[in-house]
Amino acid sequence: MELRILIYAPAGQDAALASRVLASGAIHSYACRSAQELAQQLALGAGGVLTVDEALQEDACMVLDDYVRQQAGWSDLPITLLTHPGQDSLPLRQAISPLGNLTLLERPIHTLTLITSAHAMLRARRRQYQVREAQRRRNEFLASLGHELRNPLAPIKASAALLGHLQPGSEKLVRLQHVIERQVTHLTRLVDDLLDAARISSGKIELQRQDIVLSAVIGHVAELSQQAALAKHIHITYDLSQQEIGLHADYARTVQLLSNVLVNAVKFTPKAGHIQVSARHEGGVLEVRIRNDGIGLDAQAIPNIFSLFEQGNTVTGQLKSGLGIGLSLSRQFVEMHDGSITAVSAGSGKGSAFIIRLPAAALAPQPAAAETTVAEAAATTRIRALVMDDNCDAADALCALLAMEGH
């Protein structure tokens, strides 16, 4: 079905004649009787579309335009338009301009010309399907790789926490513990980004929206970026609105998209540099601006900076760092929230700024805080815990850590 050619020529005998010609060339086709049927058949799959100029005066042009605009990144639907000799009217040019991968053939058209044109459409479409399959295999690989890499991280992190309990007074041991924990945290972040990239590409991420406040999000973002900033002696200042700003958003994904941008800013800001995070609410839109005095962005890098695995040179000679996933995830999470993200820079050595815009929401009444939290209650109570994990090392390490905490 994905390699058939859809024919839309509702008037006269054009559709029947085209079907017979394509059949003589062993090409499967389907004639659509209405624009609505064309839309339905496009949704089922097509190797290309063959239509006539008079049909574009109807709803077919809108149907094709909608499909072209919404098609996946790997897709570029081939369209062949049969026109009358010398047809070059302004309405026709306006109608066909958004259709993208379009070929014009003047009528009357030779049988062999139509067949070879159809074969060319199908060859191009097959290559697009190969790209789709390559992307599917890549996503499956990333998901498998992420899970396999994540399995050893839990026992490593729990074992590192045990080191501090074994010899509490040993400075060398504590220093080693901190090194392990920092590196495991960094590796966990990379693995989580890999998993999220695979989930987004396969459409498996659903937002868990709730009423949240910006101050809580920024506090969490600051905590996540603090360690990286302290390591480079970078000073981060926060300029937030005096009035609390509400969002109806996925808390974890909002934290993730902002922290990815902020950690990226830390990465490309020199030691002892400065980063400013500001937030403003105007016209129902929250604008968060993250500005740094770092190395800046080349003009050629800005259009691709949010692409997956993009590691283009930010400035001449700048070493590539990371997997090129963080900013891509930020863009996709922003767009899932009906927002936008843009990058601006005056050039090399002049810093850069990332502007995130999200729909704001009215603040919901906040429930009164409980007098004693669950964590506080657990800290004062000796509990009996059942640890379940198919990774034996992770289960053993966690049991040992809980036992050292008195449980």
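Scoring rules and cut-offs
- Just so you know, the residues in each chain are numbered from 1, in the order the chain's sequence is written.
- Where totals are concerned, whole chains, interfaces and linings use all residues; where local detail is concerned, this predicted model gives features only for residues with pLDDT of at least 70, and gives and counts side-chain atom pairs only at 80 or more.
- The basis for the side-chain values is all heavy atoms of the structure; hydrogens and waters are excluded.
- We call two strands paired when DSSP finds no fewer than two bridges between them.
- Labels follow the DSSP assignment, with helices taken as runs of H or I lasting at least four residues and strands as runs of E lasting at least two, numbered in each case from the N terminus.
- Helix axes use the C-alpha atoms of the stretch in contact, all axes being lines fitted to C-alpha atoms, and the angles between their N-to-C directions lie in the range 0 to 180 degrees.
- In what follows, residue pairs with any heavy atoms lying within 4.5 Å of each other are defined as contacts.
- Only protein chains enter the accessibility calculation, which uses a 1.4 Å probe. A residue is then buried if its area is under 20% of the maximum for its type, exposed if over 50%, and partly exposed in between.
- In this description, the arc belongs to the directions extending from the helix axis to the C-beta atoms.
- As used here, the term nonpolar core means buried Ala, Val, Leu, Ile, Met, Phe, Trp, Tyr and Cys residues forming a set that is joined through side-chain atoms within 4.5 Å.
- Roughly parallel here means an angle under 35 degrees, roughly antiparallel means over 145, roughly perpendicular means 65 to 115, and every remaining angle is called oblique.
- For a crossing to be left-handed, the near helix must be turned anticlockwise from the far one by less than a right angle; the clockwise case is right-handed.
- Residues are grouped as follows: Ala, Val, Leu, Ile, Met, Phe, Trp, Tyr, Cys and Pro are nonpolar; Asp, Glu, Lys and Arg are charged; all remaining types, including Gly, are polar.

*Asks:* Which parts of the structure should I look at to understand the sheet that holds strand S9 (residues 274–282)?
*Replies:* Pairing between the strands of a sheet comes from backbone hydrogen bonds, and it takes one of two forms, parallel or antiparallel. Ordered in space as S7-S9-S10-S12-S11, the 5 strands form an open sheet in which the pairing is mixed. The outermost strands of the open sheet, each flanked by one partner alone, are strand S7 (235–239) and strand S11 (340–345). Averaged over all adjacent pairs, the angle separating strand axes in this sheet is 15°, with direction ignored. The pairing of strand S10 (residues 285–292) with strand S12 (residues 352–359) spans 8 bridges and is classified as antiparallel. Pairing of glutamate 287 across the sheet is with arginine 357, part of S12. The sheet strands contacting helix H8 (residues 214–231) are S7, S9 and S10, and the helix crosses S7 at an angle near 170°.

*Asks:* Teacher, can you tell me more about helix H2 (residues 35–44) here?
*Replies:* Every α-helix carries 3.6 residues per turn, so stepping three or four residues along brings you back to the same face. Buried within H2 we find Ala35, Glu37, Leu38, Gln41 and Leu42. Down the axis, H2 shows its buried residues gathered within 150° of arc, on one side only. Away from its buried face by more than 90 degrees, H2 exposes Gln36 and Ala43. Close packing links the buried residues of H2 with strand S1 (5–8), strand S2 (29–31), strand S3 (48–52) and helix H3 (60–70).

*Asks:* Is there a simple way to explain the nonpolar core in this structure?
*Replies:* In a soluble, globular protein the nonpolar side chains are often hidden away together inside. By size, the foremost hydrophobic cluster in this structure holds 43 residues, and its most contacted members are Ile236, Leu258, Ile275, Val288, Ile290 and Ile356. The element best represented in this core is helix H9 (residues 251–267), accounting for 7 residues. If we ignore the near neighbours within four places in the chain, the residues touching isoleucine 236 are Ser225, Ala229, Leu262, Val266, Ile275 and Val277. Ranked by size, the runner-up nonpolar core spans 37 residues in total, among them Ile79, Leu99, Leu105 and Ala118.

*Asks:* Quick question: what am I supposed to make of the packing of helix H7 (residues 171–201) against H9 here?
*Replies:* Packed helix pairs are characterised by how far apart their axes lie and by the angle those axes make with each other. The interhelical angle for the contact between H7 and H9, taken along N-to-C directions, is 120°, at an axis separation of 13 Å. With respect to their mutual orientation, H7 and H9 come out oblique. Where H7 crosses over H9, the handedness of that crossing is left-handed. Within the contact between the two elements, H7 uses Arg189, Asp193 and Asp196 and H9 uses Arg253, Gln256, Ser259, Asn260 and Val263. A per-class count over the contact of H7 with H9 returns 1 nonpolar, 3 polar and 4 charged.

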